[in-house]
Amino acid sequence: MSEQPLNPTPAGSDDADATPAGPARTGSTAADALARTAADDAAAGVTAAAGPTRETTPGEATPDGTAPPGDVTADGSTPGSSMPGDVTADDDALRAASFERARRLRMEPRFPGGPAADPAGSHHERRIRSFQPRRSRVTTGQQESLERLWPQWGLDIDGKRVLDLTELFDGLPVVLEIGFGMGEATAQMAADDPGTGILAVDVHTPGQGNLLGLADKAGSTNVRVANGDAVILLREMLAPESLDGLRVYFPDPWPKARHHKRRLIQPAFLDLVAPVLKPGAIVHCATDWEPYAEQMLEVLTAHPRFENTAADGGYAPRPAFRPLTRFEGQGLDKGHVVHDLLFARV
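Caption draft 1: Fine view of the sheet that holds strand E4 (residues 174-178). Read across the sheet, eight strands follow the order E3-E6-E5-E4-E7-E8-E10-E9 without closing on themselves; strand pairing throughout is mixed. Single-partner strands in this sheet number two, and they are strand E3 (154-156) and strand E9 (306-308). Averaged over all pairs of adjacent strands, the angle between their axes in this sheet comes to 25°, without regard to strand direction. Pairing between strand E8 (residues 277-287) and strand E10 (residues 339-345): six bridges, direction antiparallel.

Caption draft 2: Looking closely at the packing of helix H3 (residues 140-153) against helix H6 (residues 205-218). Two numbers describe how H3 lies on H6: the axes approach to 8 Å, and their chain directions differ by 75°. If you check the angle between H3 and H6, you find them roughly perpendicular. Here Gln142, Ser145, Leu146, Arg148, Leu149, Trp150 and Trp153 of H3 lie close against H6, whose contacting residues are Thr205, Pro206, Gln208, Gly209, Asn210, Leu212, Gly213, Ala215 and Asp216. The residue makeup of the contact of H3 with H6, split by class, is seven nonpolar, seven polar and two charged.

Caption draft 3: Structural view of the confidence of the model for the protein. Looking at the protein, the pLDDT average stands at 79 and 66% of residues meet or exceed 70. Under a pLDDT of 50 for its full length, residues 2-39 has, in the predicted model, 72 contacts with residues more than four places off or in other chains. Note on residues 41-59: pLDDT under 50 across the span, and twelve contacts to partners over four residues away in sequence or across chains.

Caption draft 4: Representation of H6 within the structure. In this model H6 runs 20 Å from its N-terminal to its C-terminal C-alpha over 14 residues, within 8% of the 20 Å that 1.5 Å per residue would give. Within H6 the residues assigned to the buried category are Thr205, Pro206, Gly207, Gln208, Gly209, Leu211, Leu212 and Ala215. In the core, the buried residues of H6 are packed alongside H3, helix H5 (184-192), strand E5 (197-202) and strand E6 (223-227). In the stretch just after H6, Gly219 is the one whose phi turns positive, near 75°.

Caption draft 5: The arrangement of the packing of aromatic side chains in detail. Applying the stated rule across the entire model yields zero aromatic pairs. One Lys or Arg, Arg262, reaches over the ring of Trp254 and ends 5.7 Å from the middle of that ring.

Caption draft 6: Region of interest: the pattern of salt bridges. With the rule as written, the count across this model stands at nine salt bridges. The residue Glu241 makes a salt bridge to Arg345 at a minimum N-O spacing of 3.6 Å. Note that Glu241 is positioned in the loop between helix H7 (230-237) and strand E7 (243-249) and Arg345 in strand E10, a separation of 104 residues in sequence. You can call Glu241 partly exposed: its relative accessible area is 41%. Note that Lys278 is salt-bridged to Asp244, the shortest N-O span being 3.3 Å. Of this pair, Lys278 sits in strand E8 while Asp244 sits in strand E7, and the two are 34 residues apart along the sequence. With relative accessibility at 32%, the residue Lys278 sits in the partly exposed group.

Caption draft 7: Looking closely at the pairing of E10. For E10, a buried count of seven out of seven residues is recorded, marking the element as mostly surrounded by other parts of the structure. Burial of the side chains of E10 extends over both faces: His339, Leu341, Phe343 and Arg345 are buried on one face and Asp340, Leu342 and Ala344 on the other. Two elements, E9 and E10, share three bridges in a ladder whose sense is antiparallel. Bridge pairing in E10 places Glu307 opposite Ala344.

Calculation rules
- What you see as residue numbers is a count from 1 along each chain, following the sequence as written.
- Totals for whole chains, interfaces and linings use every residue, but because this is a predicted model, local features are given only for residues with pLDDT of at least 70 and side-chain atom pairs only at 80 or more, for both listing and counting.
- Hydrogens and waters are ignored; side-chain quantities use all the structure's heavy atoms.
- A pair of strands is considered paired only if DSSP assigns at least 2 bridges between the two.
- Here a helix means four or more residues in a row that DSSP labels H or I, a strand means two or more in a row labelled E, and each is numbered from the N terminus.
- Axes, fitted as lines to C-alpha atoms, cover a helix only where it is in contact. Angles between the N-to-C directions of the axes lie from 0 to 180 degrees.
- Throughout this description, any angle smaller than 35 degrees is read as roughly parallel, any larger than 145 degrees as roughly antiparallel, any in the 65 to 115 degree range as roughly perpendicular, and the remainder as oblique.
- Contact definition: two residues touch when any of their heavy atoms are within 4.5 Å.
- All amino acids are sorted into three groups, where Ala, Val, Leu, Ile, Met, Phe, Trp, Tyr, Cys and Pro are nonpolar, Asp, Glu, Lys and Arg are charged, and the leftover types, Gly among them, are polar.
- Per-residue confidence from the predictor is reported as pLDDT, which spans 0 to 100.
- The span you would expect from a helix comes to 1.5 Å times its residue count less one.
- A 1.4 Å probe rolled over the protein chains alone gives each residue an accessible area, and that area as a share of the maximum for its type sets the label: buried under 20%, exposed over 50%, partly exposed in between.
- In summary, the pairing rule links any two rings of Phe, Tyr or Trp, Trp by its six-membered ring, whose centres are within 6.5 Å, and it sorts them by plane angle into stacked for under 30 degrees, edge-to-face for over 60 and tilted for everything else.
- Here, a charge over a ring is recorded when the distance from Lys NZ or Arg CZ to the ring centre is within 6 Å and its angle to the ring normal is within 35 degrees.
- Each salt bridge in this description consists of a side-chain nitrogen of Lys or Arg and a carboxyl oxygen of Asp or Glu lying within 4 Å of one another.

Here is the structure:
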């Protein structure tokens, strides 16, 4: 159940692997090189397929009617050559049209009436994100669930309104779950505890459809699926002290050192979480990545608005309400140790 946390490269990525850019290659430089090569070949008596070359004066046509190889056209390319110098206006127009088509595709929902491709597009900002959106194949069953149930149980995180959780969940206490993967554990927790509403956030379309289908099959009406960036949800769409808990199970550990800044559990994230939690609400995190567990423990312990519920100030046993997930089982099979952390909002 990995948080899908993410960071789309166009939105503020500052650590992409890139080689330093060298001097820009201008069209005149490329054209001059071609002209020099052609002139050198002519001087050496190099023959072409059409026969031996001969010297021509600038502007004089060759026997086949084309301009001499040493000439350069106004757009910076060599006549008769497929190697341009500067990009032509037509090339610019084609490239712009291609970018525009790609942009429209990113903005259009895959399923009319379903989750939007970029619900908070108007809130675009350059910041590091903890998730990477994926558009994997959606099965027929997942598509049917999205088309049928999204209008009733789904919502886009667009940052344009504050959610009324009391109305959305018919007065139930609400916990927020960030990153639910394919939704099996979320659906089970909803079925086991129908008196608690679960606002489940993810950006993975197949998982969204799968969770809706599982909840519908179990007869659970206490699940709402939110599509988009959880940071925008916390910052702009939740009222103060409106949540009874937060669950973050198996978020992306971003194991490379230069990617640690993308990890979700950070001081700045907790600063967003604390105001929307009710006093006594539980933040429950779980991970099978030991270094990330250590960071979680350090960050949560240091934050003044949270208090460890474990008597020894360390990790907590897995609560009975958190089911063993498929992802967790795979980690255990590999010898990973799973750590749970439960901190109360003070």
